[in-house]
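# Descriptive analysis of the structure
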There are 2 protein chains.
Amino acid sequence: MTTGAEETVTGSMTNPPMTPVEFTDEVSGGRMVRRQGVTAPLGFRAAGIKAGIKVNGNADLALVFNEGPEYDAAGVFTANQVKAAPVRWSQQVLKAQRLRAVILNSGGANACTGPGGFQDTHATAEALAAALSNWGTETGAGEIAVCSTGLIGDRLPMDKVLAGVTEIVHEMGGGIEGGTDAAYAIMTTDTIPKQVALHHPGGWNVGGMAKGAGMLAPSLATMLIVLTTDAKVTPEQLDVALRHATERTFDRLDIDGAMSTNDTVLLLSSGASAIEVSQDELDAAVFAVCDDLAAQLQNDAEGVTKRVEITVTGAKTDADALVVARSVARDSLVKTALFGSDPNWGRVLAAIGVTPVIIDPDAIAVSFNGSMVCENGTGVPGARDVDLSGDRIHVVADLKLGDGAATIRTTDLSHAYVEENSAYSS
Amino acid sequence: MTTGAEETVTGSMTNPPMTPVEFTDEVSGGRMVRRQGVTAPLGFRAAGIKAGIKVNGNADLALVFNEGPEYDAAGVFTANQVKAAPVRWSQQVLKAQRLRAVILNSGGANACTGPGGFQDTHATAEALAAALSNWGTETGAGEIAVCSTGLIGDRLPMDKVLAGVTEIVHEMGGGIEGGTDAAYAIMTTDTIPKQVALHHPGGWNVGGMAKGAGMLAPSLATMLIVLTTDAKVTPEQLDVALRHATERTFDRLDIDGAMSTNDTVLLLSSGASAIEVSQDELDAAVFAVCDDLAAQLQNDAEGVTKRVEITVTGAKTDADALVVARSVARDSLVKTALFGSDPNWGRVLAAIGVTPVIIDPDAIAVSFNGSMVCENGTGVPGARDVDLSGDRIHVVADLKLGDGAATIRTTDLSHAYVEENSAYSS
């Protein structure tokens, strides 16, 4: 299974156009390729198969395997107190900062499934460890992360999962196809697979794949993301780079304010390039890959008809700006107005006013797609005539209090969102 | 203008049935009547007219006038930092704990209108004071509260407002019609006027009217509410009774998490019954009227197809229960599932897990309309078969940590909500 259109971008990305992600030699350098993902770095194999977990027969089991020579890893997980069994398992495993493989299934979240559900996750890791060992790579269950996505509350069909785990080891490929098959196998309500790779001119690479369409929220989302690199780095470097990147990308993608029980972002390094990179270089490259994947998630969010960015400037601190931007991004009345292409700036001001951040209501300025609609807290002539009929809307609110700034990616609130989430038991 | 159906309830209310509000002699006593409102207590006149503020020609200006002999008053207002001009005016006026009249307009919120908008509010109060003085009741602008509702950001057509203010004084009636006309004149997207009166067997009365359909949220909503009583009480008693009641009624009505710039709840006493009542009696009666009006607001919320109550029990404190209940009530995925009659309890657990309140995920029990769907944090047999096709849904989540409990009234998230809020510039 392979993707259709190939997209290769050098120097700067032109899609998504709303926040062009500039890759310059100074920042991270390299060539971004969207037809490659987790197998772009050296030392990684991947696969995606139809194991029969999904009732619709689509691909539903993915594997990412690190051939080494190194096996460093870092992870970030949902902040929801209700954590799925695979999240609790993978958090334990990650304490050793080392992963040989990640096994991911769609077709069931294995969340709120009690002790039995945790045993299912454990059994999955044990089965994969045995299959990898039989295949010639001695592996322990404690070196395997597990990720699940789908409906909360049901046990997984373990006969199919365990049979699939044995089968998938024999399907692993090191080429583009293996990574792409894996990206397909983790899709739920996603309409397209999401992957990207960055080829650094220094001779090392970062790749990644993502799934996520609903429940995209504050501390990640049912967002399963696996990132890989062949740079020779320490686990501490990976952890710093991963937290730096997720805070500024996935954590600032807020489609509906809901926070999943299963969110997981993993970063694995094989060291196979044998090239040592600095923290700054790694940070920039991991950020670039995460930022691109976050834009892909926004583009494919459930029910989206408008891709929206909410930028708050002029806050006293960046943290203040983030709180205010998130309040606007989550406001149902703002989001329905944008669905209706209505430049209803009054709703933006109302959403700004409800956070704990102290503002000066009479100082605020707001623009839609560059057209000023509100200055000094009141409307400007022509504010109601701004054309928002396009599919991208950039709202900028300037609080006029300082230099703090932040941007949240979100979407409108559409009929399709209501339809998808009322008709699909997810 | 009068309402259609008359509804008189004695002893207990049967509509809305989801939270039957029991009126017993022990609690507040009295007879509840929904065809009466602010003019049910002695000493109050009211009117509602078509002043031409609304472009559709509907009634848009209301007056509630206190004939005395006393003029005590209390008020609560939006917590939004972006406050409409009439809110800032009325907050100032209320510092004297005294009101002769309240003038309310629909057709424009007079919010985010700058210093000019505040001057408009001031001019409205001055014009009403002059009209009332000419009519024979010496009144100052500082004894008049002003309320506005409608689109944020536009100046009011002051020629029409000022002409209407002079006219409306001559329309004041002390009977049912005056109060009902006022209740009609404050409607925006409301489909029916909301009013209720409680006739206490002790010979005193409490009446009220409300408007509000969207933006119903944590600290009130574009909720304009005027309550009246002829009990002989102090302003301190009024303030205590009002805060006690609003915290437990309007503050626990959360339709879409949005908080208005114009929320105002006023309580005026005329003392015209000459009957002194205890704080407990007043608290119970004001609560009963507010609770009934809150239920009417929920029933008429924008786009509602299901009236939903979220009850959290077993929290360590009532405050914890309220935080958790509000999180569930605001969750878009819970609300769309309920729109689809989907007993998706996993989304309820996910919404419970995201608050700062520490929970035990493995202890939670959840029921839908009395049918247990989740125990010990996992699903029970038949959980996915619970019939939620009716128009009322009661979700109860028991955290099993203590005795704290709270209930939030909300609605589903429907196509009609999206339609109304994307097509109507409000």
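As the structure is a computational prediction, the values presented were derived from the model and not from experiment. (Residues numbered from 1 in each chain as written. Chains lettered and ligands numbered in written order. Predicted model: local features only at pLDDT ≥ 70, side-chain atom pairs only at ≥ 80, totals over all residues. Heavy atoms only, no water.)

So, about the overall build of chain A. Scanning chain A from terminus to terminus reveals ten helices and 19 strands. A total of 426 residues make up chain A; the buried ones form 64% of that total. Here the analysis covers contacts within chain A between residues at least 6 apart in sequence; of these, 80% occur between residues at least 24 apart. Of the accessible surface of chain A, which amounts to about 13700 Å², a share of 50% is contributed by carbon and sulfur atoms. (Helix = DSSP H or I, 4+ residues; strand = E, 2+ residues; numbered from the N terminus. Buried < 20%, exposed > 50% of the residue type's maximum accessible area, 1.4 Å probe, protein only. Contact = heavy atoms within 4.5 Å. Areas by Shrake-Rupley, 256 points an atom, 1.4 Å probe, with all protein chains shown as cover.)

This next bit is on the pattern of salt bridges. Residue and element names in this part refer to chain A. Counted under the stated rule, the structure contains 22 salt bridges over all chains. The shortest N-O distance in the salt bridge between Lys-232 and Glu-70 comes to 2.6 Å. With Lys-232 in the loop between β12 (224-229) and α5 (235-248) and Glu-70 in the loop between β4 (61-66) and β5 (72-77), this pair connects stretches of sequence that are 162 residues apart. With relative accessibility at 21%, the residue Glu-70 sits in the partly exposed group. Here Glu-247 ties to Arg-248 by a salt bridge, and the two come within 3.5 Å at their closest N and O atoms. Residue classification places Glu-247 among the partly exposed residues on the basis of a relative accessible area of 41%. Residue class for Arg-248 comes out partly exposed when judged on its relative accessible area of 38%. (Salt bridge = Lys/Arg side-chain N within 4 Å of Asp/Glu carboxyl O.)

Here we take up the sheet that holds strand β17 (residues 378-379) of chain A. Residues and elements named next belong to chain A. Pairing is mixed across the open sheet formed by six strands, whose spatial order is β17-β16-β15-β18-β14-β19. Edge positions in the sheet fall to β17 and β19 (404-411), since each of these pairs with one other strand and no more. Pairing geometry for strand β14 (residues 307-315) and strand β18 (residues 392-398), over seven bridges, is parallel. From the neighbouring strand, Thr-311 faces β18, where its bridge partner is Val-396. (Pairing = 2+ DSSP bridges.)

Here we come to the sheet that holds strand β3 (residues 44-49) of chain A. Paired through their backbone hydrogen bonds, the strands of a sheet run either parallel or antiparallel. Residue and element names in this part refer to chain A. What the four strands build is an open sheet, ordered β3-β4-β6-β7; its pairing is mixed. Where the open sheet ends on each side, the last strands, each with one partner, are β3 and β7 (144-148). Taking each pair of neighbouring strands and ignoring which way they run, the sheet shows an average axis angle of 10°. Sheet strands touched by helix α3 (residues 158-169): β3, β4 and β6 (101-105). Its angle to β4, the strand with the most contacts, is close to 45°. Strands β3 and β4 of the sheet are contacted by helix α4 (residues 176-185), whose axis makes an angle of about 45° with β3. (Axes fitted to C-alpha atoms, helices over the stretch in contact; angles between N-to-C directions.)

Let us now look at the relation of the copies chain A and chain B. Mapping chain A onto chain B calls for a rotation angle of 180° and an axial translation of 0.0 Å; the resulting RMSD is 0.0 Å. Expressed as a symmetry operation, the mapping of one chain copy onto the other fits a two-fold axis. When C-alpha distances to the rotation axis are compared across chain A, the minimum falls at His-415 of chain A, with a value of 2.8 Å. (Least-squares fit on C-alpha atoms with pLDDT ≥ 70 in both.)

As a further point, take the state of the cysteines. Enumeration according to the criterion identifies zero disulfides over all chains in this entry. Residue Cys-374 of chain B stays outside any disulfide, its sulfur separated by 6.4 Å from that of Cys-112 of chain A, the closest cysteine. (Disulfide = S-S within 2.5 Å.)

Another aspect to go through is helix α9 (residues 345-352) of chain B. Across the eight residues of α9 of chain B, eight count as buried, placing the element largely inside the fold. Where α9 of chain B is concerned, the buried positions are Trp-345, Gly-346, Arg-347, Val-348, Leu-349, Ala-350, Ala-351 and Ile-352 of chain B.

A separate point is the interface of chain A and chain B. On the side of chain B, 52 residues touch chain A, which itself brings 52 residues to the contact. Of the roughly 4100 Å² buried at the junction of chain A and chain B (both faces included), carbon and sulfur atoms supply 56%. The largest share of the area that chain A buries against chain B comes from Gln-81, Leu-333 and His-415 of chain A, three residues that together contribute 16% of it. Summed over the shared surface of chain A and chain B, the result is two salt bridges. One salt bridge connects Asp-154 of chain B with Arg-384 of chain A, and the closest N-O pair in it is separated by 3.2 Å. (Buried area = accessible area lost by both parts, 1.4 Å probe.)

Before going further, it helps to spend a moment on the nonpolar core. Within the largest apolar cluster, 92 residues are counted, with the highest numbers of intra-cluster contacts made by Val-102 and Leu-104 of chain A together with Val-366 of chain B. When neighbours within four sequence positions are excluded, Val-366 of chain B is seen to be in contact with Val-348, Leu-349, Ser-371, Met-372, Val-373, Cys-374, Val-395, Val-396 and Ala-397 of chain B. One finds Ala-351 and Leu-399 of chain A together with Ala-127 and Ile-186 of chain B within the second-largest nonpolar core, a separate group that totals 91 residues. (Core = buried A, V, L, I, M, F, W, Y, C linked by side-chain atoms within 4.5 Å.)

Okay, the packing of helix α1 (residues 85-94) of chain A against helix α2 (residues 114-134) of chain A next. Residues and elements named next belong to chain A. Where α1 meets α2, the axes come as close as 8 Å, and the angle between the chain directions of the two elements is 55°. With respect to α2, the element α1 is oriented oblique. Judged by the sense of rotation from one axis to the other, the crossing of α1 with α2 is right-handed. Where α1 approaches α2, its residues Ala-85, Pro-86, Arg-88 and Trp-89 are matched on the opposing element by Gly-117, Phe-118, Thr-121, His-122 and Ala-125. Looking at the contact of α1 with α2 residue by residue, the classes come out as five nonpolar, three polar and one charged. (Parallel < 35°, antiparallel > 145°, perpendicular 65-115°, else oblique. Left-handed = near helix turned anticlockwise from the far one by under 90°. Nonpolar A, V, L, I, M, F, W, Y, C, P; charged D, E, K, R; others polar.)

As for its placement among the helices and strands, Gly-382 of chain A is situated in the loop between β17 and β18. On the accessibility criterion, Gly-382 of chain A (40% relative accessible area) is partly exposed.

Describing two packed helices takes the angle between their axes plus the distance from one axis to the other. Residue and element names in this part refer to chain A. One way to put it is that helix α7 (residues 318-330) packs onto helix α9 (residues 345-352) with a least axis distance of 8 Å and a crossing angle of 130°. Comparing the axis directions of α7 and α9 gives the class oblique. Handedness of the crossing formed by α7 with α9: right-handed. Across the interface between the two elements, Val-324, Ser-327 and Val-328 from α7 touch Val-348, Ala-351 and Ile-352 from α9. Per-class residue counts for the contact of α7 with α9 are five nonpolar, one polar and no charged.

The next point concerns the environment of Phe-77 of chain B. Its place among the elements puts Phe-77 of chain B in strand β5 (residues 72-77). Once the C-alpha coordinates of Phe-77 of chain B and Val-87 of chain B are considered, the two residues, ten residues apart in sequence, prove to be 7.0 Å apart.

The subject of this paragraph is the pairing of strand β16 (residues 371-375) of chain A. Residue and element names in this part refer to chain A. As paired elements, strand β15 (residues 365-368) and β16 share three bridges and run antiparallel to each other. Along β16, the bridge assignment pairs Ser-367 with Met-372. Counted between consecutive antiparallel strands, the loop separating β15 from β16 contains two residues, among which Asn-369 sits at a positive phi close to 50°. Hairpin remark: β16 followed by β17, antiparallel, with two residues in the connecting loop; positive phi at Asn-376, about 50°.

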